[in-house]
Structures are given as structure tokens and as C-alpha cells.
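What follows is the residue order along each chain.
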Amino acid sequence: MRHKKICFIFGTRPEAIKVAPVSTMLRRDGHFEVVNISTGQHKEMLNQVLDFFNLPVNNSLDVMKVNQSLAYLSSSILDGLSRVLEELKPDLVLVQGDTTTAFMGALAAFYQKIPVAHIEAGLRSFNLFSPFPEEANRKMISQIANLHFCPTDKAVENLNAEGIHNHVYKVGNTVVDALLQGLDIIEQSMEERFAAKYAYLLQNKFILVTGHRRESFGDGFLHICHALKKIAEKFPDTPIFYPVHLNPSVQKPVYEILSGLHNVYLVSPLEYAEMIWVLNKSYIVLTDSGGIQEEAPSLGKPILVMREVTERSEGIDAGNAVLVGTDQELIFNWVERLLSDPQLYTSMSTAGNPYGDGLTSERILSIIKNYLDNE
Ligand code: UD1
Ligand code: UDP
């Protein structure tokens, strides 16, 4: 009997990280023909993830341009993927999350009546413009997907509330599978190298920062940078370590405002292994990243979420995370409180991870087998 053909579509750093454990598990299972398709929405930031997880790319589009617009990105990915899917004729397409790649991947499959499975389904901020355009992307994917792999009960409820009930499964988030596998590899072969490379950070408690959301471009990013500057000046012994996203709309304000401060370390995006190692060694995390909100609780790190709303409210409900927005004073005040109040720090670092247990890929594998056997 012919093996069923399954295509994974990804294009950005977080998609590759979250797809890697599932794609690898399905390939090793031996029951499927697995084809990994990269849109190349990201370039450098994607390639390092593929190397780390040994994720083979079987087809790629290579669409990335500096400062790409959403319209360019959407049309080139839709057109490119449509051609690839037409040739491959898969039995199932998997997309992950809420990027332009994920939405266009689902749409390209839908136009050819190929069933779509959505990993990390059901997240909602209930604000179409924050995160932008991700909230719209994931809602539109839910309308055309056949299988919905939700990380939490809340995500299942969100889909049910929109009238989506068929093939909705709570499976956890594959980000925790990737994290546990990644930490294992680091422990075996990378620990000493990273400890030597980042010895300068380990002298004191340090703050890890990331930020890249489109809705914060302009004033939001300026406020974030000024808050970081004030933290650096008021806490001169606290290093602030900031791997800066490659988007020029991020790079410009960050380097203009924060270069030259003795305790602020601005670096290129980290390779995934280094990132989770640094995350594990950090004291406080300041971020607008979806993935880092999901990883940090596994490592007992308090998170200050620099967004006005979040679709990851489980961390806030559990007590791991606080929404500080892009308000300069609020960001500064929360950092000050966490640095000076050990009780608050302990309560925010011991809440556990509501997003996953490391077994999500196994659950997805078994649901897909069942689905394809009965089709
Ligand atoms: C994209 C996703 C966002 C996700 C984020 C993860 C969309 C609309 N946005 O946002 O949901 O959270 O990825 O990081 O899908 N660049 C490089 N090299 C790279 C990657 C990016 O130079 O390897 C620069 C390019 O100038 C590019 C720009 O960053 O044009 C923006 O990349 P893009 O994928 O459009 O947006 P992100 O902000 O990365
Ligand atoms: N990450 C990384 N290097 C970095 C910053 C982040 O490898 O310099 C990882 C991080 O650990 C997480 C993922 O990238 O797994 C999150 O990606 P990002 O913040 O770009 O996107 P989001 O999750 O917000 O969509």
C-alpha cells in the first residue's frame, strides 16, 4: 500500500522550532512520506533552526526580501506554494501558528481541496489588530482547517465558541517538546562552550529581552527602548541582554537608543540552542514573543509581556506572566519590583507550565494516523 504523503509548511523561526519535533516523529514512525516545505519567509533566522534540529527541507521558495510588505509576502507565498502542492498532491498539509506562511499555506491547500491540520490552533487575543496580522491569520486558518491541534483547554473553548467542534483536540504545545529535546542536546555537547562564551553575563542576575511585533513599531518600540535605558541606568550592576530581531523597524530604534550603555548587550539573533541556554540562565524575561512566553515557565522564569493584549493568557492566569504593554513606567516599575521583592519573584517563577508537557508530538502522530486511516 502507498504511504500517505504529508507536507509540513513553515517559513519563520518559531514555525520551524515548533514543527521540528512533529515532522521528525512522523518521519521516524515510517508510516508516512513526509515532505518539508519552506517558504523562506525568514532566511538566517530560519536556517539556524533547521541545522540544529537536522530538519531536512525538501522544497523551498526563498521569498524573503529586506523590509518585505505583507502583500508581497502573501502573494508570493500563495503563488509559490500552490505550484508546489499541485505537483506533490499530498494527503494532508500541516501548518503551524499564525504567520503569513501558515495562513497562505492553509489557503493554498484549501484551494486544491487538500485537508489541512493546524498546529497551535485556537489562540485568540480578541483584538484583530493586536497581534497584527496574526490574530486575523489564525482566525482565517480555523475556518478552513480540518484538524485543529489546540495547546490548552482555553484554545479548545475559543474554537467551540466560534462554532468549530469537529476534530478539535487538546494536545499541548509542541514548543515544549522542542525545548526539552533542545536542552537534552545542549547538556550532552554544548554546556561548556556556552558557559565560556557567556561568562560575562553569569556574574550577576541578568535580564533577557526580545521584541519584534509589528503593532509596536513606532512609538511602542521607542517606549520599550526608553524603559530599558532607564533600567540600565538605575540598575548598573544588572546586565540587559538583548538579541535584536533582524527586522530594520526593530534594529533602528534599538541600536539608536541603547548602543553605548555599558550594561546593555545588543547582539544578533541567537541560534536556538544558545537562546534556550541563555533563557535558562536569565533572571527576568522581558518579551513580546509568543514562543518565549510558552518556554519561560518551563524554566521557572518570570515574564513581563510587552504587549497590550496577549493570546497566551494561561501564563497570566497561572501567575508566571504580567502584561506590561509598551508603557515605559509600567515596564520599569515591574522590573524594579522583581529585582527587589524575593517573595514576588518566587511566586512568579514557580507557577509551572500551562502550555505543554513534552508529549504533544506523540498525540498529534496518533490523531493523524487515525484520521488518515479513516479517510
Ligand atoms: C514574522 C511573523 C510573526 C512571527 C515572527 C517570528 C508574519 C506576518 N509575521 O514576523 O508572526 O512572530 O516572524 O520572528 O508572518 N529578516 C531578516 N532575516 C531573517 C528574518 C527576517 O533579515 O532571517 C528581516 C527582513 O528585513 C524581513 C523582516 O525582517 O523583511 C521582517 O520579516 P517578516 O517575516 O516579514 O516579519 P517578522 O517581524 O519576522
Ligand atoms: N529564539 C531564538 N533566538 C532568538 C530569539 C528567539 O532562537 O534570538 C527562539 C525562542 O526561543 C522561541 C522562538 O525563537 O523558541 C520565538 O520566536 P519569535 O519570538 O521570533 O516569534 P514568536 O514566537 O513571537 O512568533
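Residues numbered from 1 in each chain as written. Chains lettered and ligands numbered in written order. Predicted model: local features only at pLDDT ≥ 70, side-chain atom pairs only at ≥ 80, totals over all residues. Heavy atoms only, no water.

Student: Would you mind going over the site of ligand 1 in detail, with residue names and values included?
Tutor: Residues in contact with ligand 1 amount to 25 residues; listed here are only the nearest, Gln41, His42, Glu44, Lys65 and Glu134. One of the backbone N or O atoms of Lys43 is found 2.9 Å from an oxygen atom in ligand 1. With respect to ligand 1, the side chain of His245 contributes an N or O atom lying 3.0 Å from an oxygen atom. For ligand 1, whose unbound accessible area comes to 750 Å², protein coverage reaches 96%. Listing elements by their share of the shell around ligand 1, those giving two or more residues are α2 (44-53) and α3 (70-88). Here the residues of the shell around ligand 1 sort into nine nonpolar, 10 polar and six charged. In terms of domain composition, the shell around ligand 1 takes at least three residues from each of domain 1 (4-173 + 357-373) and domain 2 (190-349). (Near = heavy atom within 4 Å. Polar contact = N/O pair within 3.5 Å; in protein donor to acceptor, adjacent residues only side chain to side chain. Areas by Shrake-Rupley, 256 points an atom, 1.4 Å probe, with all protein chains shown as cover. Helix = DSSP H or I, 4+ residues; strand = E, 2+ residues; numbered from the N terminus. Nonpolar A, V, L, I, M, F, W, Y, C, P; charged D, E, K, R; others polar. Domains from an automatic or database assignment.)

Student: Could you give an account of the sheet that holds strand β12 (residues 303-305), naming the residues involved and the relevant values?
Tutor: Here we have six strands laid out as an open sheet, ordered β10-β9-β8-β11-β12-β13, and parallel in their pairing. Each edge of the open sheet is held by one strand with a lone partner, namely β10 (264-267) and β13 (321-323). Neighbouring strand axes in the sheet, compared pairwise and without regard to direction, differ in orientation by 20° on average. Taken together, the four bridges between strand β8 (residues 207-210) and strand β11 (residues 284-287) define a ladder with parallel strand orientation. Residue pairing for β11: Leu208 is matched across the bridge by Val285. Across the sheet, helix α9 (residues 219-234) is in contact with β8, β9 (240-243), β10 and β11; its angle to β9 comes to roughly 150°. Most of the contacts of helix α10 (residues 248-258) go to β10, to which it runs at about 150°, and overall it touches β9 and β10. (Pairing = 2+ DSSP bridges. Axes fitted to C-alpha atoms, helices over the stretch in contact; angles between N-to-C directions. Contact = heavy atoms within 4.5 Å.)

Student: Just give me the short version of the layout of surface pockets, but keep the residues and values in it.
Tutor: By volume, the second largest pocket amounts to about 220 Å³. Surrounding the second largest pocket, Ala20, Pro21, Thr24, Met25, Arg27, Arg28, Phe52, Phe53, Asn54, Gln181 and Ile185 form its lining. Put simply, the parts of the chain that give the lining of the second largest pocket at least two residues each are α1 (13-29), α2 and α7 (174-189). Broken down by element, the residue count for the lining of the second largest pocket peaks at six residues, all from α1. In terms of residue class, the lining of the second largest pocket is made up of six nonpolar, three polar and two charged. (1 Å grid on protein atoms, 1.4 Å probe; cavity = no way out; pocket = protein on both sides within 12 Å on 5 of 7 lines; lining within 4 Å. Points joined across faces, edges and corners; volume = space filled by probe spheres on them.)

Student: Which residues make up the site of ligand 2, and what are the values?
Tutor: Taken together, 15 residues sit near ligand 2, with Arg13, Leu270, Ser289, Gly291 and Glu295 positioned nearest. A distance of 3.1 Å is found between an oxygen atom of ligand 2 and a side-chain nitrogen or oxygen belonging to Arg213. Between ligand 2 and Gly290, the relevant distance is 2.8 Å, taken from an oxygen atom to a main-chain nitrogen or oxygen of the residue. In the complex, 94% of the free accessible area of ligand 2, which totals 530 Å², lies under the protein chains. At the level of elements, α1, α11 (272-281) and α12 (290-295) are the ones that each hand at least two residues to the shell around ligand 2. Take the shell around ligand 2: its biggest share by element is four residues, from α12. Here the residues of the shell around ligand 2 sort into eight nonpolar, four polar and three charged. Mapping the shell around ligand 2 onto the domain boundaries places at least three of its residues in each of domain 1 (4-173 + 357-373) and domain 2 (190-349).

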